Amino acid sequence: FDELRLVEFGRARRWIGFGNAFAAQDESEQAMAAYRTASRLFQGSHVPLMFIGMEYLRTNNLPLAKHFLRGATRLCDSDPLVANELGVVELRQGLLEDAAATFRTVLDLLDRLPERAPLRSACAAAVFNLAQTYRKMRRFRDAATYFRVALALRPDDAAAR
């Protein structure tokens, strides 16, 4: 049974890879079909739901993006990538207080990760998103502070300048 589960997990990851390839080519329908297949193959995993939410976010369907990202959060509330995407949805919806709280949660989740964890590199994006949120809230001092941190994390990132 354990071996079968590993095989199925590998198949689900391949379907997510297919979905990502389709999404990169602006083939949203095929991307969603691949993510749904991954969700069926690996029920209980938050990853396919996260990618479905991210695809809805990419196509600017914010209510459905939020629905699927919240579903992914219910399955795994410790994934900073899911929280970051949920914060982006809230930011686009104009829910600035909610977005700021969500991005602060992302930073807390990233702080809990080991130093060499692959997701630690997402820290700069979360800091930048928090800075943008503060800017839109007209909290310019907080925004400037977080923009400086984002720039220190990624000095070559033109968006943080």
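Being a predicted model, the structure only gives us computed values, none of them experimental.

Novice: It is not clear to me how the side chain of His-46 should be interpreted in this structure. Could you clarify?
Specialist: Tracing the backbone through its elements, the reader meets His-46 in helix H3 (residues 46-58). Given the relative accessible area of 14%, His-46 is considered buried. Setting aside its immediate chain neighbours within four residues, His-46 contacts Ala-72, Leu-75, Cys-76, Asp-79 and Val-82.

Novice: Please clarify how the confidence of the model for the protein chain should be interpreted in this entry.
Specialist: Predicted coordinates in areas of low pLDDT are best not read in detail. Model confidence for the protein chain is summarised by a mean pLDDT of 87, while 87% of its residues fall at 70 or above. In this model residues 1-7 is a low-confidence stretch, pLDDT under 50, and it forms 1 contact with partners more than four residues away in sequence or in other chains.

Novice: Would you take a moment to explain the packing of aromatic side chains for this structure?
Specialist: Geometry of an aromatic ring pair is reported as the spacing of the ring centres plus the angle between the planes. Enumeration over the complete set of coordinates arrives at 5 aromatic pairs. Arranged with centres 5.7 Å apart and planes meeting at 40°, the rings of Tyr-134 and Tyr-146 form a pair that is tilted. Taken together, the residues Tyr-134 in helix H7 (residues 123-136) and Tyr-146 in helix H8 (residues 140-153) connect sequence positions 12 residues apart. For Tyr-146, a relative accessible area of 25% puts it in the partly exposed group.

Novice: How do you make sense of unusual backbone geometry when you look at a structure like this?
Specialist: A negative phi angle characterises most non-glycine residues, just as the trans form characterises most peptide bonds. Of note in this structure, Asp-26 is not a glycine but carries a positive phi near 60°. Here Asp-26 shows up in the loop between helix H1 (2-24) and helix H2 (28-41). Phi at Arg-138 is positive, roughly 65°, even though this residue is not glycine. Secondary-structure assignment places Arg-138 in the loop between H7 and H8. In this structure Arg-138 comes out as exposed when scored by relative accessible area, which is 62%.

Reading guide: rules and limits
The numbering scheme is per chain: residues are counted from 1 as the chain's sequence reads. In view of the model being predicted, local features appear only for residues whose pLDDT reaches at least 70, and side-chain atom pairs are presented and counted only at 80 or more, with totals across whole chains, interfaces and linings using the full set of residues. In computing side-chain values, all of the structure's heavy atoms are included and hydrogens and water are not. Starting at the N terminus, helices and strands are each numbered in turn, a helix being any DSSP run of H or I of at least four residues and a strand any DSSP run of E of at least two. Residue burial is assigned from relative accessible area. The probe radius is 1.4 Å, only protein chains are included, and a residue is buried under 20% of its type maximum, exposed over 50%, and partly exposed in between. Should any heavy atoms of two residues lie within 4.5 Å, those residues are considered in contact. Each residue gets a pLDDT score, which is the predictor's confidence in that residue and runs from 0 to 100. Between rings of Phe, Tyr and Trp, where Trp is taken as its six-membered ring, a pair exists when centres lie within 6.5 Å; planes separated by under 30 degrees are stacked, by over 60 edge-to-face, and by other angles tilted.

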